[in-house]
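Each chain is listed here by its residues.
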Amino acid sequence: MWSVLAGVLAVASLGAACTPSVTTVSGTHAPATVCSGALIFADDFNSFDLEIWQHENTLAGGGNWEFQYYNNNRTNSFVHSGLLFLRPSLMSDQFGEAFLSAGTLNVEGGEPADRCTNPQWKGCERTGTFNNLLNPIKSARIRTVNSFSFRYGRVEVRAKMPAGDWLWPAIWLMPAYNTYGTWPASGEIDLVESRGNRAMTLNGVPIGVHEAGSTLHFGPYPVLNACDRARLIRRNAAGYHSNFHRYQLEWTPDYLRFSIDDLEVGRVTPGNGGFWEFGGFNSNPNIENPWRFGSKMAPFDEKDTKGCHDRKPPRAPAGWSSLADTSGVKTSLRDGAPREAAIDPPLGNPCLRVLDGGLRIFCWEYRLNACPSDLAEGTATR
Ligand SMILES: *[C@@H]1O[C@H](CO)[C@@H](O)[C@H](O)[C@H]1NC(C)=O
């Protein structure tokens, strides 16, 4: 749900009586009972309810040395006219350019709402050096980890992707309780991820703003993640940054089905051997299957622990990916695509507008123009 928000709708009929649903929920803002077909979560962003949306506050960079510092600041996340905007800004605008290579930033705060939310990968304090700049971009990622999570149902997020090199917008559902262990053992459902590059290609195929992907991450431990077996892509000639689209997930005890604007992109349906077999892990007898006592949908089932699987913090549609870890970015540099790194100050147009199903999501179109090579090169050293 991240920069965008996701609306979660359970499937079903709108009959008068309450037909029990297979959907389970938890969280401070979850309904007490779930009837089949009922809307169980929605946000129209007429106000920015931080009782529902918790901001990430960290320099961690998602384990990929991504460039952003996620923070709670109304420059980087705000609602306006019923839209949620996630808008990046330059760290140097606030702290000065020299700070990136010499300053120390500690993001731990004393108030409950100001605590650092992820200490991994030097996420709470960093000191910049010539070779390892402090995160050059400020952005936002919000999540419903304490307010709402669910298992099985339908999600629809209407969103507009940002454009600009190195932007890595994402809307995910992350496990609330890690029932099967830490990532990726408990799974990760990527409703949509895109890349902001306007001119990025791989083997002649556009893979920037013209591509939207949905992926499942699952495996017994990080280097054994079978995401390649559950990656679905759709291309759009106009680019996903040019219009709002509805990104949809139908998650049932039998399959996960992804659609965009009501057109199915694909579905993942494990056989009786579950995701262990689907991921090809059964060929290695030395690894214990963490899902062996779960259903065939494990880790994408998470039983009665209330709701689990999803909640996702959408990474702001404005995450900056690391050159070291994103092949697409390397490709773009090789291909001589514009190296944009400067952010036009007032930044873009509202990106998103949603209304159906009671949800709206937004983000901000991020325009990066010709770019100061210092930022491009500096970040490349990460
Ligand atoms: C919020 O972000 C803006 C832009 O970077 C900055 O000028 C301002 O100082 C920030 N506010 C706080 C409290 O850090």
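About the cut-offs
Residues numbered from 1 in each chain as written. Predicted model: local features only at pLDDT ≥ 70, side-chain atom pairs only at ≥ 80, totals over all residues. Helix = DSSP H or I, 4+ residues; strand = E, 2+ residues; numbered from the N terminus. Buried ≥ 20, exposed ≤ 12 C-beta atoms within 10 Å, placed from the backbone. Contact = placed C-beta atoms within 7 Å. Core = buried A, V, L, I, M, F, W, Y, C linked by C-beta atoms within 7 Å. Near = placed C-beta within 6 Å. Nonpolar A, V, L, I, M, F, W, Y, C, P; charged D, E, K, R; others polar. Pairing = 2+ DSSP bridges. Axes fitted to C-alpha atoms, helices over the stretch in contact; angles between N-to-C directions.

**Quick look at the overall build of the protein chain**
Right, on to step 1. Across its full length, the protein chain carries five helices and 25 strands.
Right, on to step 2. Scored against the burial criterion, the 382 residues of the protein chain give a buried share of 49%.
Right, on to step 3. At a minimum sequence separation of 6, the contacts of the protein chain that also span at least 24 residues come to 74%.

**Quick word on the nonpolar core**
Right, on to step 1. Core analysis: the largest hydrophobic core is formed by 39 residues, its most contacted members being Ile 171, Trp 172, Ile 189, Leu 191, Leu 249 and Leu 256.
Right, on to step 2. The set of elements that each furnish at least two residues to this core consists of strand 14 (153–159), strand 15 (170–173), strand 16 (188–194), strand 19 (211–217), strand 21 (245–251), strand 22 (256–260) and helix 3 (274–278).
Right, on to step 3. The greatest single-element share of this core, amounting to four residues, is contributed by strand 15.
Right, on to step 4. Among all residues touching Leu 249, those that are not within four sequence positions of it are Arg 154, Val 155, Ile 189, Leu 191, Leu 256 and Phe 258.
Right, on to step 5. Core analysis: the next-biggest nonpolar cluster, separate from the first, contains 19 residues, Phe 67, Phe 85, Leu 100 and Leu 133 among them.

**Topic: the site of the ligand**
Right, on to step 1. The environment of the ligand is formed by Asn 73, Thr 75, Ser 89, Asp 93, Gln 94 and Lys 138.
Right, on to step 2. A per-class count over the shell around the ligand returns no nonpolar, four polar and two charged.

**Considering the environment of Glu 288**
Right, on to step 1. Summarising the element assignment, Glu 288 is placed in the loop between helix 3 and helix 4 (327–334).
Right, on to step 2. Expressed as a C-alpha distance, the spacing of Glu 288 and Pro 220, which sit 68 residues apart in the sequence, is 7.9 Å.

**What to know about the sheet that holds strand 5 (residues 68–70)**
Right, on to step 1. Pairing within the open sheet is mixed, and its three strands lie in the order 5-11-8. Each edge of the open sheet carries a strand with a single partner, namely strand 5 and strand 8 (89–90).
Right, on to step 2. Across two bridges, strand 8 lies against strand 11 (residues 137–139) in antiparallel orientation. Residue Leu 90 lies in a different strand from strand 11, and its bridge partner there is Ile 137.

**Some points on the sheet that holds strand 19**
Right, on to step 1. An order of 15-16-19-20 is seen for the four strands of this open sheet, with the pairing classed as antiparallel. In the strand order of this sheet, the two ends are held by strand 15 and strand 20 (231–235), each with one partner. The mean angle between the axes of side-by-side strands here comes to 10 degrees, regardless of whether they run parallel or antiparallel.

**A word on the pairing of strand 15**
Right, on to step 1. What you see with strand 15 is no split at all: Ala 170 and Trp 172 on one side and Ile 171 and Leu 173 on the other are buried throughout.
Right, on to step 2. Bridging between strand 15 and strand 16 involves four bridges; their strand directions are antiparallel. Within the sheet, the bridge partner assigned to Trp 172 lies in strand 16 and is Asp 190.

**Digging into unusual backbone geometry**
Right, on to step 1. Trp 183 connects to Pro 184 through a cis peptide bond whose omega is 0 degrees.
Right, on to step 2. Of the consecutive residues Ala 298 and Pro 299, the connecting peptide bond is found in the cis state with omega at 10 degrees.
Right, on to step 3. Phi at Asp 261 is positive, roughly 50 degrees, even though this residue is not glycine.

**Considering the environment of Ala 113**
Right, on to step 1. Turning to its location among the elements, Ala 113 is positioned in the loop between strand 9 (104–106) and strand 10 (125–127).
Right, on to step 2. Taking the C-beta count within 10 Å as the criterion, Ala 113 has 10 such neighbours and is therefore assigned exposed.
Right, on to step 3. Put simply, Ala 113 and Leu 50 are 63 residues apart on the chain and 9.5 Å apart in space, counted from C-alpha to C-alpha.

**Side note on the environment of Ser 92**
Right, on to step 1. Along the polypeptide, Ser 92 turns up in helix 1 (residues 91–95).
Right, on to step 2. The class for Ser 92 is partly exposed, based on 19 C-beta atoms found within 10 Å.
Right, on to step 3. Each C-alpha atom, one on Ser 92 and one on Ile 137, is 8.2 Å from the other, the two residues being 45 residues apart in sequence.
Right, on to step 4. With near-sequence residues (within four places) excluded, Ser 92 lies in contact with Glu 97, Phe 99, Leu 100 and Pro 136.

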